[in-house]
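# Report on the structure
Single-letter residue listing:
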Amino acid sequence: MSWHLFLLSGIFILAGIFHFVKPKAFMRVMPLYIPYHRQLVYLSGLTEIAAGIGLLFITTKSAAAWGIVTMLILFFPVHIHMLMNQKAGLGLPKTILVLRLLLQFGLIYWAYLYT
């Protein structure tokens, strides 16, 4: 396995862990029209951890990569909400929020390479 697969795996495992360490930060960026904020934060965190671990095994790598691609696509409304709502944007400059949104495309492509 290549180092960049381990890196991608580590990114998603760590991101998932942070959903449990700082759930309020993740709930704060969610649009109000999405219900069950706390439950979805924990579910997405667990899913990110599982997908990150799944990347490390040949038998689950493709499914985990597809799961990551799907999650990243589903997270677009949150990133757009962060751009449109100053409070949800966590006070970050618009430039950073736009770059973060663009980073989603890079992460989608990176995960797609393992499908």
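In case you missed it, the structure is sitting above this.
A short tour of the structure in this document, coming up. Computed from a predicted structure; not experimentally measured.

Scoring rules and cut-offs
Every chain is numbered independently, its residues counted from 1 as its sequence is written. For this predicted model, a pLDDT threshold of at least 70 governs which residues receive local features, and a threshold of 80 or more governs which side-chain atom pairs are given and counted, while totals over whole chains, interfaces and linings are taken from all residues. In computing side-chain properties, one takes all heavy atoms of the structure into account and sets aside hydrogens as well as water. A run of H or I in DSSP counts as a helix once it spans at least four residues, and a run of E counts as a strand once it spans at least two, with each numbered from the N terminus. Here the globule rule is a power law, 2.2 Å times the number of residues to the power 0.38, and the radius of gyration is based on C-alpha atoms. Any residue under 20% of the maximum accessible area for its type is buried, any over 50% is exposed, and the rest in between are partly exposed; the area is computed with a 1.4 Å probe on protein chains only. The contact definition used throughout considers only heavy atoms, calling two residues in contact when any of these lie within 4.5 Å. A helix's residues, less one, multiplied by 1.5 Å, set its expected span. Starting at the helix axis, one direction is taken to each C-beta atom, and the arc is that of these directions. What is meant by a nonpolar core is a set of buried Ala, Val, Leu, Ile, Met, Phe, Trp, Tyr and Cys residues, joined one to another through side-chain atoms within 4.5 Å.

### What to know about the overall build of the chain
The secondary structure content of the chain amounts to six helices and zero strands. Taken from the N to the C terminus, the helices and strands of the chain come in the order α-α-α-α-α-α. Rg of the C-alpha trace for the chain: 14 Å, near the compact-globule value of 13 Å for 115 residues, within the 12% margin. Once the C-alpha set of the chain is aligned to its principal axes, its extents read approximately 40 × 30 × 20 Å. When each of the 115 residues of the chain is scored for burial, the buried share is 38%. Summarising the internal contacts of the chain: among those between residues at least 6 apart in sequence, 65% fall at separations of at least 24.

### Topic: helix α4 (residues 61-74)
Between the first and last C-alpha of α4 there are 20 Å, a value that for 14 residues agrees with the 20 Å anticipated at 1.5 Å per step. For α4, every residue scored as buried is listed here: Ala 64, Ala 65, Ile 68, Val 69, Met 71 and Leu 72. On an axial view of α4, the arc spanned by its buried residues comes to 165 degrees, and they lie on one face. Exposed positions of α4 whose direction lies more than 90 degrees from the buried face are Ala 63 and Leu 74. Of the surrounding secondary structure, the elements contacted by the buried residues of α4 are α1 (3-21), α3 (37-54), α5 (76-84) and α6 (94-112).

### Re the nonpolar core
Membership of the largest hydrophobic core comes to 23 residues, with the highest contact counts inside it found for Leu 8, Phe 12, Leu 55, Ile 68, Leu 72 and Tyr 114. Put simply, the parts of the chain that give this core at least two residues each are α1, α4, α5 and α6. Those residues in contact with Tyr 114 that sit more than four places away from it in its chain are Ser 2, His 4, Leu 5, Leu 8, Lys 61, Ser 62 and Ala 65.

### Here we look at α1
In this model α1 runs 26 Å from its N-terminal to its C-terminal C-alpha over 19 residues, within 8% of the 27 Å that 1.5 Å per residue would give. Those residues of α1 that sit buried are Leu 5, Leu 8, Ser 9, Phe 12, Gly 16 and His 19. Relative to the axis of α1, the buried residues are bounded by an arc of 100 degrees and lie together on one face. Set apart from the buried face of α1 by more than 90 degrees, the exposed residues are Trp 3 and Val 21. On its buried face, α1 is in contact with α2 (23-28), α3, α4 and α6.

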